[in-house]
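# Examining the three-dimensional arrangement
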Amino acid sequence: MTFEKIYETVKKGLAKAKADVVNGDVAFECVIVGEGEGKFYIQVKDGSVNVEPYDYWDNDARLIADAETFTQIAGGKLSPVAAYTNGQLHIQGDVGRALELKALIESVPAPKKKRTKEEIEAEKAAKEAAKAQKEAEKAAKAAEKEAAKKAAAEKKAAAKKEAPKKAPVKKAAPKKAEK
């Protein structure tokens with residue numbers, strides 16, 4: 001891997017990083033050892049993140065690793081803390097400030113996964129099925145309500161038919177008084 005490719009990978013990896021996750025201004029000089037040997041810097045200043053292919057002598061920390069380690073860290077596949085702990089990343093200078101690189105990397109939004117045509121079609125079919133099920137549930141509820149209404153009307157009609165008819169009350173004729 002060439003230095004230019006490593007540098008571009010790191011720059012692209014940090015392009016959407018949020019500068020406000022770092023306390024104040026900070027600068028890291030990154031030294032690639034082995035294949036792709038070279039230096040670049042990462043600077044967080046005035047609310048922006050800059051990655052440039054130059055030496056940076058006024059840095060808070062100097063990060064030293066091979067190309068693979070830098071590209072894995074920039075891609076979010078390897079934590080800078082884990083790389084430091086495992087001896088893959090060496091730090092000269094302020095270790096505390098250097099570890100703020102972790103927050104910077106974690107602030108990069110995860111890339112959106114490209115969906116295949118099949119995934120898009122499956123999602124569309126699932127939405128249509130959910131919509132159809134909702135409509136079916138709504139129709140079933142309406143039918144249930146109508147059936148309950150009809151049953152109540154039939155019950156009322158049946159109760160009316162079954163109600164005993166009251167026999168007319170005959171009035172007794174007044175008795176004639178006996179003389």
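What comes next concerns the included structure. (Residues numbered from 1 in each chain as written. Predicted model: local features only at pLDDT ≥ 70, side-chain atom pairs only at ≥ 80, totals over all residues. Heavy atoms only, no water.)

## Comments concerning the overall build of the chain
Filter applied, for reference: Secondary structure counts use DSSP, requiring at least four H or I residues in a row for a helix and at least two E residues in a row for a strand, with both numbered from the N terminus. Burial status follows relative accessibility: with a 1.4 Å probe on protein chains alone, a residue under 20% of its type maximum counts as buried, one over 50% as exposed, and anything between as partly exposed. Computed with a 1.4 Å probe, the accessible areas rest on the Shrake-Rupley method; for each residue, only the protein chains presented here act as cover.
Helix and strand counts for the chain stand at 6 helices and 5 strands. Secondary structure elements in the chain, listed N-terminal to C-terminal, are α-β-β-β-β-α-α-β-α-α-α. Per-residue burial for the chain yields a buried fraction of 26% across its 179 residues. For the chain, the accessible surface area stands at approximately 13500 Å², while carbon and sulfur atoms represent 55% of it.

## Quick word on the sheet that holds strand β1 (residues 26-33)
Using the following cut-off: Here, strands pair whenever DSSP counts at least two bridges between them. The axes used here are C-alpha line fits, helices contributing only the stretch in contact, and every angle between their N-to-C directions lies in the interval 0 to 180 degrees. Whether two residues are in contact is decided by their heavy atoms, any of which lying within 4.5 Å being enough.
As summarised here, the arrangement of the 5 strands in space is β3-β2-β1-β4-β5, forming an open sheet in which the pairing is mixed. A single partner strand is all that each edge strand has here, and the edge strands are β3 (48-52) and β5 (90-93). For this sheet, the mean angle separating the axes of adjacent strands, direction not counted, is 20°. Alignment of β1 against strand β2 (residues 38-45), held across 7 bridges, turns out to be antiparallel. For Phe28, the partnering residue across the bridge sits in β2 and is Ile42. Sitting on the sheet, helix α1 (residues 3-13) is in contact with β1, β2 and β3, with an inclination near 15° to β2. In this fold helix α2 (residues 67-74) packs onto β1, β2 and β4 (61-66), with an angle of close to 115° to the strand it touches most, β4.

## So, the pairing of β4
Of the pairings in the sheet, the one linking β1 to β4 comprises 6 bridges and is parallel in character. Across the sheet, the residue bridging to Cys30 is Leu63, located in β4. Relative to β5, β4 is paired through 4 bridges, and the arrangement is antiparallel. Residue pairing for β5: Ile64 is matched across the bridge by His90.

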